[in-house]
Amino acid sequence: MTNFARPARRLLPWSLLLVPAAAGIPAGILWWVLAPGGLNLITRDPALAAGTVPLVWLPRDLTLAGILVLAGCLLAVFLADGKRPDPQAALLTGLAGAFAGSAVAWGTGVLAGRLWGPAVDTSANASIAFSLRAWPVLLLWPAATAVSVFILELVGATGRKPDPAGAETAGVHSPVK
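Residues numbered from 1 in each chain as written. Predicted model: local features only at pLDDT ≥ 70, side-chain atom pairs only at ≥ 80, totals over all residues. Heavy atoms only, no water.

Novice: I'd like a rundown of the nonpolar core, residues and numbers included.
Specialist: One finds Trp-31, Leu-64, Leu-68, Leu-79, Leu-132, Val-137 and Trp-141 to be the most contacted residues of the largest nonpolar core, which totals 25 residues. Mapped by element, the contributors of at least two residues to this core are α1 (15-34), α2 (57-79), α3 (87-116) and α4 (140-159). (Core = buried A, V, L, I, M, F, W, Y, C linked by side-chain atoms within 4.5 Å. Buried < 20%, exposed > 50% of the residue type's maximum accessible area, 1.4 Å probe, protein only. Helix = DSSP H or I, 4+ residues; strand = E, 2+ residues; numbered from the N terminus.)

Novice: Talk me through the packing of α1 against α2; I want residue IDs and the actual numbers.
Specialist: Orientation of α1 relative to α2, taken along the N-to-C sense of each, is 150 degrees, at an axis distance of 10 Å. When the axes of α1 and α2 are compared, the pair comes out roughly antiparallel. The interaxial crossing formed by α1 with α2 has right-handed handedness. Taking contact as the criterion, the partners of Leu-16, Pro-20, Ala-27, Leu-30, Trp-31 and Leu-34 in α1 are, on α2, Arg-60, Thr-63, Leu-64, Ile-67, Leu-75 and Leu-79. Grouping the amino acids of the contact of α1 with α2 by side-chain chemistry returns ten nonpolar, one polar and one charged. (Axes fitted to C-alpha atoms, helices over the stretch in contact; angles between N-to-C directions. Parallel < 35°, antiparallel > 145°, perpendicular 65-115°, else oblique. Left-handed = near helix turned anticlockwise from the far one by under 90°. Contact = heavy atoms within 4.5 Å. Nonpolar A, V, L, I, M, F, W, Y, C, P; charged D, E, K, R; others polar.)

Novice: Explain the packing of α3 against α4 to me, using residue names and the numbers behind them.
Specialist: The N-to-C vectors of α3 and α4 enclose an angle of 150 degrees; their axes lie 8 Å apart at closest approach. Classified by the angle between their axes, α3 and α4 sit roughly antiparallel to one another. Two secondary-structure elements touch here, α3 through Leu-91, Leu-95, Ala-98, Phe-99, Gly-101 and Ser-102 and α4 through Trp-141, Pro-142, Thr-145, Ala-146 and Val-149. A class-by-class count of the residues in the contact of α3 with α4 yields eight nonpolar, three polar and no charged.

Novice: So what's going on with unusual backbone geometry? Residues and values would help.
Specialist: In this structure, Asn-40 takes a positive phi of about 65 degrees despite not being glycine. Considering the arrangement of structural elements, one finds Asn-40 in the loop between α1 and α2.

Novice: Could you give me a rundown of the side chain of Ser-148, with the residues and numbers involved?
Specialist: One can find Ser-148 in helix α4. Residues within four places of Ser-148 in sequence aside, it is in contact with Cys-73 and Ala-76.

Novice: Break down the packing of aromatic side chains for me, citing the residues and quoting the values.
Specialist: Per the counting criterion, the structure on display carries three aromatic pairs. Between Trp-31 and Phe-130, the ring centres sit 4.5 Å apart and the planes meet at 50 degrees, which makes this aromatic pair tilted. Highlighted residues: Trp-31 in helix α1 and Phe-130 in the loop between α3 and α4, separated in sequence by 99 residues. Across the pair, exposure class does not vary: Trp-31 and Phe-130 are buried alike. Arranged with centres 5.0 Å apart and planes meeting at 70 degrees, the rings of Trp-106 and Trp-135 form a pair that is edge-to-face. (Phe/Tyr/Trp six-rings, centres within 6.5 Å; stacked < 30°, edge-to-face > 60°.)

Here's what the structure looks like:
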């Protein structure tokens, strides 16, 4: 009887999907705590505490943008460590987790605004309630992750010493003379 060896299955690093998605919960709560229109701990200006002032809407979106960019940079540090068996799969899984984390952060922040914020009349404009007006902000976590991984890999590649065995044969098979 012949024993056929099974090819080794590569498993996706599911923790790189689940951890960023779960990290969206504290990111969303932090967004509501810091942003104008939420608990407003950044400015503490009573004029910016209510969502009825249109000047609140941009800083509210920018607060989430800053949190998501920071989260993307932190995730990139874990993705660019270079000790993963399949770095491409890890990167793609991490980017999917970053997008899921962005969506969870947005949903958690809006839910926190509904649960802990004051009751608001949104008949004049839906943005009076704690919400996100600029939807592309949700792409900042995956984008910051991808750009940061690129920069970290580029800096790491320039810091590595060339392989001495490869230096002897460099140019032998090169079409450029």
